[in-house]
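What the coordinates show
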Amino acid sequence: AICIARFLVVPMVGGAAMLSLAKLGIIPTVTANPILWFFLLTQFSMPPAQNSVVMLQVMGKQPAATRLSRTLFLTYAISAVPLTILFSVYMAMTGL
């Protein structure tokens with residue numbers, strides 16, 4: 001469920017938000033600034049960071065930190081395939 005949300009739902013919502021912002025004139029269109037669009041789209045697709053694990057460890061919640069570490073490890077292990085696909089789509093969208 002985490003991987004589906006992270007690599008399917010979040011990029012779709014982020015892309016829709018960017019299209020809306022471009023239509024409102026808040027950000028430039030994809031043809032005006034493709035590098036910006038590629039960069040912003042990749043931000044919606046990247047796996048989560050490890051900061052949550054560190055925070056749990058500092059709070060003394062070692063079992064929760066261990067479970068979260070395993071979940072993040074699996075997310076990173078699985079991320080290679082969807083990231084390859086998403087980056088290919090983003091490059092096609094931006095013309096890079």
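Residues numbered from 1 in each chain as written. Predicted model: local features only at pLDDT ≥ 70, side-chain atom pairs only at ≥ 80, totals over all residues. Heavy atoms only, no water.

Quick look at the packing of helix α4 (residues 62–78) against helix α5 (residues 80–94) now. Taken N-terminus to C-terminus, the directions of α4 and α5 make an angle of 45°; their axes are 5 Å apart at the nearest point. On the basis of the axis angle, α4 is oblique to α5. Residues Y76, A77 and I78 of α4 form the contact with α5, whose participating residues are A80, V81 and P82. (Axes fitted to C-alpha atoms, helices over the stretch in contact; angles between N-to-C directions. Helix = DSSP H or I, 4+ residues; strand = E, 2+ residues; numbered from the N terminus. Parallel < 35°, antiparallel > 145°, perpendicular 65-115°, else oblique. Contact = heavy atoms within 4.5 Å.)

A few words on the packing of helix α3 (residues 51–58) against α4. Running from amino to carboxyl end, α3 crosses α4 at an angle of 165°, the nearest separation of the two axes being 8 Å. Our classification of the angle between α3 and α4 gives roughly antiparallel. Considering the relative orientation of α3 and α4, their crossing is left-handed. Packed against α3, whose contacting residues are S52, V53, L56 and Q57, the element α4 presents Q62, A64, A65, L68, S69 and L72 at the interface. Class assignment for the residues of the contact of α3 with α4 results in 6 nonpolar, 4 polar and no charged. (Left-handed = near helix turned anticlockwise from the far one by under 90°. Nonpolar A, V, L, I, M, F, W, Y, C, P; charged D, E, K, R; others polar.)

Another point: the nonpolar core. Within soluble globular proteins, side chains that are nonpolar tend to cluster in buried spots. Listed in full, the 7 residues of the largest apolar core are M18, A22, I27, W37, L41, L86 and Y90. Residue assignment for this core shows that the elements contributing at least two residues are α1 (2–23), α2 (34–45) and α5. Not counting residues up to four positions away in its chain, the partners in contact with L86 are F7, P11 and S45. (Core = buried A, V, L, I, M, F, W, Y, C linked by side-chain atoms within 4.5 Å. Buried < 20%, exposed > 50% of the residue type's maximum accessible area, 1.4 Å probe, protein only.)

Attention shifts here to α4. Here α4 contains 17 residues, and its C-alpha end-to-end distance of 24 Å stays within 8% of the 24 Å for a straight helix at 1.5 Å per residue. Regarding α4, the residues found buried are A65, L72 and T75. Relative to the axis of α4, the buried residues are bounded by an arc of 85° and lie together on one face. Set apart from the buried face of α4 by more than 90 degrees, the exposed residues are P63, R67, R70, F73 and L74. (Expected span 1.5 Å × (residues − 1). Arc of directions from axis to C-beta.)

The subject of this paragraph is the packing of aromatic side chains. Inspection of the entire model under this criterion finds 2 aromatic pairs. Both rings, one in F38 and one in F87, keep their centres 5.8 Å apart while their planes meet at 70°; by these two values the pair is edge-to-face. Taken together, the residues span a long stretch of sequence, with F38 in helix α2 and F87 in helix α5 at a distance of 49 residues. The exposure class assigned to F87 is partly exposed, which follows from its relative accessible area of 26%. Aromatic side chains F87 and Y90 sit 6.3 Å apart centroid to centroid with 35° between the ring planes, which places their arrangement in the tilted category. In this pair, F87 and Y90 are both assigned in helix α5, 3 residues apart and thus about one turn of the helix distant. Grouped by ring-pair contacts, the aromatic residues F38, F87 and Y90 constitute a single cluster. (Phe/Tyr/Trp six-rings, centres within 6.5 Å; stacked < 30°, edge-to-face > 60°.)

Turning our eyes to something else, we now look at a nonpolar patch on the surface. A surface patch of nonpolar side chains, amounting to about 490 Å² of accessible area, comprises I4, L8, V9, M12 and V13. For V13, the position within the fold is in helix α1. On the basis of relative accessible area, V13 is assigned to the exposed category, the value being 53%. (Patch = residues over 30% accessible without salt bridge, like charges linked within 9 Å, V, L, I, M, F, W, Y side chains within 5 Å. Areas by Shrake-Rupley, 256 points an atom, 1.4 Å probe, with all protein chains shown as cover. Salt bridge = Lys/Arg side-chain N within 4 Å of Asp/Glu carboxyl O.)

On their own, these measurements won't tell you what the molecule is for.
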